[in-house]
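In case you want the letters, here they are:
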Amino acid sequence: MMVWTARKSKICFDFWNLFAMILSLAAVAAMSSGGSSSLNSSSPLLDPFDSSTSWSLGEDPSNSSSEPVARTLTPDLQPATTAVVVQEVSPWDVALCVTGTLISCENALVIAVLFYTPTLRAPMFILIGSLAVADLLAGLGLILNFVFTYLVDSSVEFVTLLSVALLISAFSASVLNILAITVDRYLSLYNALTYHTERTVTYTYVMVIFIWVLCLTLGLLPALGWNCLRDDSACSICRPVTKINAVALAVTFLLVFALMMQLYLQICKIAFRHAQQIAVQHQFVAISTTKGVSTLSAILCAFGACWLPFAMYSIVADSTYPVIYTYATVLPATCCSVINPIIYAFRNPDIQKSLWMACCGCVPSNLSLRPRTSSDV
């Protein structure tokens, strides 16, 4: 009985060993017949038809002649990457953006001083404030142009038209305000006795409003259809301004500059004639007149040196010319807005007094506090 039990136990043990061996063979067969297909079908990263999967052993996965157990798949996975085109930043655009930042800071300071000083409400200070607003918008336009070029999709027509409208309006207003200040100085000398009664604040505001309406109209011309967005061959050196519009603006500037030259010569004649007629006890008036003439000389020289190269180049050049020439003439033109606050505002003792009071709470003893005239500004 004990022998039979032991034999029975051995038979059961052998049966279970045989059953386990059969299961093992079945598992090996299943893996060899469907293992690689299950890998390829269950994992999309190992798709044999995927072009991003390469077989580094040089073995074709569809080759059925190779042994299943000897096949090793080592795909070199190369995930698809999106090519991002980074536009190279031009040093000229950086220089224009820095210039625009400097222009904005200078003229914002001038506007703040004029706004918070109630005594600076004479017609000459209204014109200086209008000039500062124009230059401030010009500086902001240069900054926005940099942002639109490198941070915003510049292919959108609205962005391009907005940028060019702001720049044309601001720089046109800057030039015309300089002309208005020159006319104001000429009238203050030519009609010295009746100037303060005829030159009212209302009259000055009307002239400033006329200047801004005219300049805004010029800036909106490209948005109203006078642009070269559909025809690049008609573009000027500054897209999307057409060649015809650019020439018209340049010729208008040359006429303004010629008028300023004529007024400047007339102011010099009047100033020197006054200087000869003034007695010794009124020498401070002669000094004041001479200082006004020297200021006008600096203004005219700076104005011509900054704007004449760009105006002349706009007449002779078009969009086929190298862009570096455009940058080389535009940058000096923008520097005129950097010089304007120094010549017109920061040299004026009344504005200097307000700056000293705002910054230090005191006024230097060497600062002249006598009444000012338009010829002194």
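Everything here concerns the structure above.
Residues numbered from 1 in each chain as written. Predicted model: local features only at pLDDT ≥ 70, side-chain atom pairs only at ≥ 80, totals over all residues. Heavy atoms only, no water.

1. Side note on the state of the cysteines
Step number 1: Enumeration over the complete set of coordinates arrives at one disulfide.
Step number 2: One disulfide bridge connects Cys 228 with Cys 235, the sulfur atoms lying 1.8 Å from each other. Where Cys 228 bonds to Cys 235 through sulfur, the torsion about that S-S bond is close to 100°, and the disulfide is right-handed. The pair formed by Cys 228 and Cys 235 is uniform in burial state, with each residue classed as buried. (Disulfide = S-S within 2.5 Å. Buried < 20%, exposed > 50% of the residue type's maximum accessible area, 1.4 Å probe, protein only.)

2. Details of helix α3 (residues 123-150)
Step number 1: In this model, α3 (28 residues) spans 41 Å end to end at C-alpha, consistent with the 40 Å of a helix rising 1.5 Å per residue.
Step number 2: The element α3 is extensively covered by neighbouring structure, given that 20 of its 28 residues are classed as buried. (Helix = DSSP H or I, 4+ residues; strand = E, 2+ residues; numbered from the N terminus. Expected span 1.5 Å × (residues − 1).)

3. Concerning unusual backbone geometry
Step number 1: In the segment running from Arg 239 into Pro 240, the intervening peptide bond is cis, with an omega of 10°.
Step number 2: With respect to the element layout, Pro 240 can be found in the loop between α6 (201-220) and α7 (243-277).

4. Focus: the nonpolar core
Step number 1: Core analysis: the biggest nonpolar cluster contains 65 residues, and Phe 303, Trp 307 and Ile 351 have the highest contact counts within it.
Step number 2: Residue assignment for this core shows that the elements contributing at least two residues are α2 (91-115), α3, α4 (157-190), α6, α7, α8 (283-316), α9 (323-346) and α10 (349-359).
Step number 3: Apart from the residues lying within four places of it in its own chain, the contact partners of Phe 303 are Val 175, Ile 178, Phe 253, Phe 257, Met 260, Leu 308 and Cys 336. (Core = buried A, V, L, I, M, F, W, Y, C linked by side-chain atoms within 4.5 Å. Contact = heavy atoms within 4.5 Å.)

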